[in-house]
Every structure is written in C-alpha cells, then in structure tokens.
Amino acid sequence: MIGPLFSSSARGSGLGLEASLNIADDIHALGVFGQAQRIEDSHTRLSAGIQGNFMLLGLELGVMHETESRTHVATTGLQIAPFFSFIYGSLGLRLGIPLFATEDQRPRYGFEGAVVLSLKLPVLLGGTSVAAFPHL
C-alpha cells in the first residue's frame, strides 16, 4: 500500500509518502514500511523498518535519517511509532531518537515527537482475508 503521509512536530509540518507491505493473519499482521517526507521546505526525513499490528493497534520500529539543512547536520537515528490503524489509514505518535551525526559546526537534530497521519487504500495481494478489517 502507498499513500500520503502528514506530520506535525516542533520542527514544523511535513508532507510525504508512506509505503507498507504486511502479511496478515486473523487479528495480527507483520510487515515492512518506508517513508519519505519533506519537512517545512528545509530538509528531507527518510525512514524504513518493520511494523506489527494487533487488531487496531500497531508499532513501527526502524531507522530514520534527516538530511542536512542550513542549521543542522545530517542525523541518523531510531524511529519508534505506536499507531492506531483504521481501514483507510493510521494515526500515530512518531518518536525520533538521534544516534549518529556528521561532524560539523552545526548541531545535529535532536529528539523528535510528532503526530502522524497516513492515508492508504488496503489491497489484498493474494489469498483470502479472514479478518473483519484489513490491516495497514
């Protein structure tokens, strides 16, 4: 599934795309995700990792990278994002924990907390679904 991704944090608002692929079984799912966002015309935020769902609750765990801007150096870290999924998207809280940054006079990006909304159209790629709702 692929769809638009919106976020809001102290760094500003972001607009981008999220793609995910899940293997669903009854009331749980496990899969992978990838995200790309432009944050306030200043830099790009990329992330990828694994995600899991249990009924309507889910968790993303992955690696994030924020590109350099005029005020910050490029920073790579950990992304943890609990979310609530509904049929056509998800609403979650994204936590970005910086781990590595390039050496420079400018500071690295700090800890990030953001509210994230993604919209997606679930598509069954094969087999049949026994779940009462599609997983995202």
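Residues numbered from 1 in each chain as written. Predicted model: local features only at pLDDT ≥ 70, side-chain atom pairs only at ≥ 80, totals over all residues. Heavy atoms only, no water.

Assigned secondary structure in the protein consists of zero helices and eight strands. For the protein, whose C-alpha radius of gyration is 16 Å, the value lies close to the compact-globule estimate of 14 Å for 136 residues. In terms of its C-alpha atoms, the protein occupies a principal-axis envelope of roughly 55 × 25 × 20 Å. For the protein, the proportion of its 136 residues judged to be buried stands at 38%. Long-range pairs, those at least 24 residues apart, make up 49% of the contacts in the protein with a sequence separation of at least 6. (Helix = DSSP H or I, 4+ residues; strand = E, 2+ residues; numbered from the N terminus. Rg over C-alpha atoms; globule rule 2.2 N^0.38 Å. Buried < 20%, exposed > 50% of the residue type's maximum accessible area, 1.4 Å probe, protein only. Contact = heavy atoms within 4.5 Å.)

A word on the pattern of salt bridges. Inspection of the entire model under this criterion finds seven salt bridges. Of the charged contacts, one joins Arg106 and Glu68 as a salt bridge, the two residues approaching to 3.6 Å between their closest N and O atoms. Taken together, the residues span a long stretch of sequence, with Arg106 in the loop between strand S7 (89-101) and strand S8 (112-119) and Glu68 in the loop between strand S5 (57-66) and strand S6 (75-86) at a distance of 38 residues. Among the residues examined, Glu68 registers a relative accessible area of 49% and is labelled partly exposed. Arg106 serves as the salt-bridge partner of Asp104, at 2.9 Å between the closest nitrogen and oxygen. Each of Arg11, Arg45, Glu66, Arg94 and Glu112 takes part in one network of salt bridges that share partners. (Salt bridge = Lys/Arg side-chain N within 4 Å of Asp/Glu carboxyl O.)

Here we take up the confidence of the model for the protein. Caution applies to low-pLDDT regions: their predicted coordinates should not be interpreted in detail. The predicted model of the protein averages 90 in pLDDT, with 92% of residues at 70 or higher. Looking at the elements of the protein, mean pLDDT is at its lowest for strand S2 (residues 12-25), recorded as 91, and at its highest for S5, recorded as 97. (pLDDT = per-residue confidence, 0-100.)

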